[in-house]
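Given next are the chains, with one letter for each unit.
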Amino acid sequence: MPAIATPTAAAVLTPPARGAIATISVQGPAAVALADRFFTSLGKTRVNDADIGRILVGHWQAEGESFGEELVVARLADDLVEIHCHGGVQASQRILKHLASAGCQVQSWQARTLSEQSDAIVAEAKIELPRAVTSQAALHLLDQANGALSREIDTIGELLKQSNFEVAEQKIAHLLSLAPFGKHLTQPWLIVIAGPPNVGKSSLLNKIVGYDRAIVLDMPGTTRDVLHATTALDGWPVQFSDTAGIRVSDDAIEQAGIAKAKAALKTADLVIVMHDAADLKPDELDQSLQELPSALHVVNKIDLADDVRVPASREMIATSAVTSQGVPQLITSIVFHLIPHVPQAHEPLPFTDRQIEGLRQLHQQVQHRQLDDALKSTETLLNT
Ligand SMILES: Nc1nc2c(ncn2[C@@H]2O[C@H](COP(=O)(O)OP(=O)(O)OP(=O)(O)O)[C@@H](O)[C@H]2O)c(=O)[nH]1
Ligand SMILES: [Mg+2]
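Residues numbered from 1 in each chain as written. Chains lettered and ligands numbered in written order. Predicted model: local features only at pLDDT ≥ 70, side-chain atom pairs only at ≥ 80, totals over all residues. Heavy atoms only, no water.

J.: Break down the site of ligand 1 for me, citing the residues and quoting the values.
T.: Contacts to ligand 1 come from 23 residues, most closely from Lys201, Ser203, Gly221, Thr222 and Ala321. Within the contact set of ligand 1, an oxygen atom lies 2.8 Å away from a backbone nitrogen or oxygen of threonine 222. Take aspartate 303: an N or O atom from its side chain is 2.8 Å from a nitrogen atom of ligand 1. Protein burial of ligand 1: of its 660 Å² of free accessible surface, 89% is covered by the chains. Here the residues of the shell around ligand 1 sort into nine nonpolar, ten polar and four charged. (Near = heavy atom within 4 Å. Polar contact = N/O pair within 3.5 Å; in protein donor to acceptor, adjacent residues only side chain to side chain. Areas by Shrake-Rupley, 256 points an atom, 1.4 Å probe, with all protein chains shown as cover. Nonpolar A, V, L, I, M, F, W, Y, C, P; charged D, E, K, R; others polar.)

Have a look at this one:
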């Protein structure tokens, strides 16, 4: 039989892991013919003759192969067939291979989602949703999957058509101000814990994440590498990095750890600089830690100090990584530093690089009153 012409395409809709069932969706003019080529139902009903919605149980096998697989085929429309097979990756990949050998395109579920949606932002939200690691982050993405950002861009387009550039500009600027928040719905905020050796950085990390992620020892220079631990604070995904204590050292391994710690500082959304309550010398901190204007300063081991004299020029949170004193306040402060303004439910916000770049371009065009270009940009943002 000659290869069947595209654009019929197959996509696995279930995650690439072991599960009960894998679902392969075959869509396009040749979907039914492709199913009939490899599948024989128990009652010998051809997929082509089955009523729409009918579920057929049977045997899938390619010509020349010595074994096949028992599975279910459902014809959902004239051009849409679903194949439900064993949930392991092997079975779905074999079926995809058979379909591809007969001329069917193989596409990712993301490509399928984009091809099914005329609204690019809604499609992107559906694609990003499974990557949201907390339910709170997922709710904001769900709002965008339900059209919040698309409607806002429509509104901006209408404002532009009415030459209401000022309000359009304000709305775009507001959306851009929410871009960092939107990006972090699928990527944790990065928090680096830094400071001199032995102040309790690793102990604090363990206390916050609730298990012994890092080795703690009463010996300066214990942590050498950068250690990561992911958790959620107030429902927001964060990744903590515990670093080597920063000091002057002759030890080559410690020096390498300190270099890594300094490099980690540059990638952080927030740095927590830790101090020892019993030995509080904030002005003697390493220069790399002095140069961080928006760091959060934490004075730890307050359980050991009778009287902590915090310099008037510094705002510091007092904690004990042993008794947990001050840790809830620290968490509140971290969340406030990362997300000073939490968008409301159903609020539109951008969440992909494409959208953010498109909005930046639109902002410039509106600022320069380039109406035609700006209207084209709103179309580009919305269309797949
Ligand atoms: N009493 C008391 N001891 C603490 C506290 N935090 C840490 N310690 C102790 O201080 C010592 C050093 O703690 P670590 O967490 O290893 O300190 P660190 O800053 O990670 O040290 P380096 O990895 O060497 O830079 C350990 O003996 C901890 O048990 C605290 O809040 N109170
Ligand atoms: Mg440590």
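J.: Run through the sheet that holds strand S3 (residues 39-41), naming residues and quoting values.
T.: Strand order across the open sheet formed by seven strands is S3-S4-S5-S6-S2-S1-S7, with mixed pairing between neighbours. The open sheet has two edge strands with one neighbour each: S3 and strand S7 (105-106). Looking at chain direction, strand S2 (residues 21-27) and strand S6 (residues 80-86) are connected through seven bridges and run antiparallel. Its bridge partner lying in S6, alanine 22 is registered against cysteine 85. Packed onto the sheet, helix H3 (residues 109-116) meets strand S1 (9-12) and S2 and runs at close to 120 degrees relative to S1. (Pairing = 2+ DSSP bridges. Helix = DSSP H or I, 4+ residues; strand = E, 2+ residues; numbered from the N terminus. Contact = heavy atoms within 4.5 Å. Axes fitted to C-alpha atoms, helices over the stretch in contact; angles between N-to-C directions.)

J.: Could you give me a rundown of the coordination of the magnesium ion (ligand 2), with the residues and numbers involved?
T.: Distances from the magnesium ion (ligand 2) to its protein donors, namely Ser202 (OG) and Thr223 (OG1), fall within the range 2.0 to 2.1 Å. Note that serine 202 is positioned in helix H9 (residues 201-209) and threonine 223 in the loop between H9 and strand S9 (227-233), a separation of 21 residues in sequence. Like threonine 223, serine 202 is buried. (Donors = N, O, S within 2.8 Å, 3.2 Å for Na, K, Ca; no water. Buried < 20%, exposed > 50% of the residue type's maximum accessible area, 1.4 Å probe, protein only.)

J.: Mind laying out the packing of aromatic side chains, listing which residues take part and the relevant values?
T.: The tally for this structure, following the rule as stated, stands at four aromatic pairs. Judged by centre distance (6.2 Å) and plane angle (55 degrees), the ring pair of phenylalanine 181 and tryptophan 189 falls under tilted. Considering the side-chain rings of phenylalanine 181 and tryptophan 236, the 5.2 Å spacing of their centres and the 75 degrees angle between planes classify their relative orientation as edge-to-face. Of the two residues, phenylalanine 181 is situated in helix H8 (residues 179-183) and tryptophan 236 in strand S10 (residues 236-242); the sequence distance between them amounts to 55 residues. Residue classification places tryptophan 236 among the buried positions, given a relative accessible area of 5%. Among the aromatic residues, those joined into a cluster by ring pairs are Phe181, Trp189 and Trp236. (Phe/Tyr/Trp six-rings, centres within 6.5 Å; stacked < 30°, edge-to-face > 60°.)

J.: Describe in detail the pairing of strand S4 (residues 55-60), supporting the description with residues and values.
T.: Looking at chain direction, S3 and S4 are connected through three bridges and run antiparallel. Each bridged residue has a counterpart across the sheet, and for threonine 40 the counterpart in S4 is histidine 59. Relative to strand S5 (residues 69-77), S4 is paired through six bridges, and the arrangement is antiparallel. Bridge assignment links isoleucine 55 to a residue of S5, and that residue is alanine 74.

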